[in-house]
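Topology and contacts: notes
Next come the chains, spelled out residue by residue.
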Amino acid sequence: MFTLEREVCAGDRIVLYVHCLHPTEGRVRIRFPSVVTQVEQRDSWEVTVRFRRGHQFLLDSIDG
């Protein structure tokens, strides 16, 4: 489950980025194309997603 500041709907396609520290390459960003499967409004928008195929590992050009 992820928390968002804006509303999305079930079926919407979104892209999630996860930042990790690679031991030799520095900061790495992983891109996960996703489809929203469930939405709940609380203090913020809580969503559940299903990952689509085609994630990519990207090197960030700016560290920090």
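**So, the overall build of the chain**
Scanning the chain from N- to C-terminus turns up zero helices and five strands. When its helices and strands are written in sequence order, the chain yields β-β-β-β-β. The burial tally for the chain puts 22% of its 64 residues in the buried class. Of the contacts formed within the chain by residues at least 6 apart in sequence, a portion of 45% connects residues at least 24 apart. Accessible area of the chain: about 5000 Å², with a carbon and sulfur share of 49%.

**Here we look at the nonpolar core**
Val8, Ile14, Leu16, Val36, Val47 and Val49 together form the largest nonpolar core, which totals six residues. Elements that contribute at least two residues to this core include exactly β2 (13–22) and β4 (45–51). Once residues within four sequence positions are removed from consideration, Val36 is found in contact with Val8, Cys9, Ala10, Gly11, Asp12, Ile14, Val47, Thr48 and Val49.

**Observations concerning the environment of Arg31**
Counting through the fold element by element, Arg31 comes out in strand β3 (residues 26–41). On the accessibility criterion, Arg31 (23% relative accessible area) is partly exposed. Between the alpha carbons of Arg31 and Leu16 there is a distance of 5.9 Å; along the sequence they are 15 residues apart.

**Regarding the confidence of the model for the chain**
Here the chain averages 76 in pLDDT, and 80% of its residues register 70 or above. Within the chain, β3 carries the highest mean pLDDT (85), whereas strand β5 (residues 56–59) carries the lowest (56).

**A look at the pairing of β3**
Pairing analysis gives ten bridges linking β2 to β3, with the strands arranged antiparallel. In the sheet register, His22 faces β3, and the bridge partner there is Gly26. What sits between the antiparallel neighbours β2 and β3 is a turn of three residues. For β3 and β4, the ladder comprises seven bridges, and the chain directions are antiparallel. If you follow Gln41 over to β4, its bridge partner there is Trp45. Counting the residues that bridge the hairpin from β3 to β4 gives three residues.

Cut-offs and rules
- Residues numbered from 1 in each chain as written.
- Predicted model: local features only at pLDDT ≥ 70, side-chain atom pairs only at ≥ 80, totals over all residues.
- Heavy atoms only, no water.
- Helix = DSSP H or I, 4+ residues; strand = E, 2+ residues; numbered from the N terminus.
- Buried < 20%, exposed > 50% of the residue type's maximum accessible area, 1.4 Å probe, protein only.
- Contact = heavy atoms within 4.5 Å.
- Areas by Shrake-Rupley, 256 points an atom, 1.4 Å probe, with all protein chains shown as cover.
- Core = buried A, V, L, I, M, F, W, Y, C linked by side-chain atoms within 4.5 Å.
- pLDDT = per-residue confidence, 0-100.
- Pairing = 2+ DSSP bridges.

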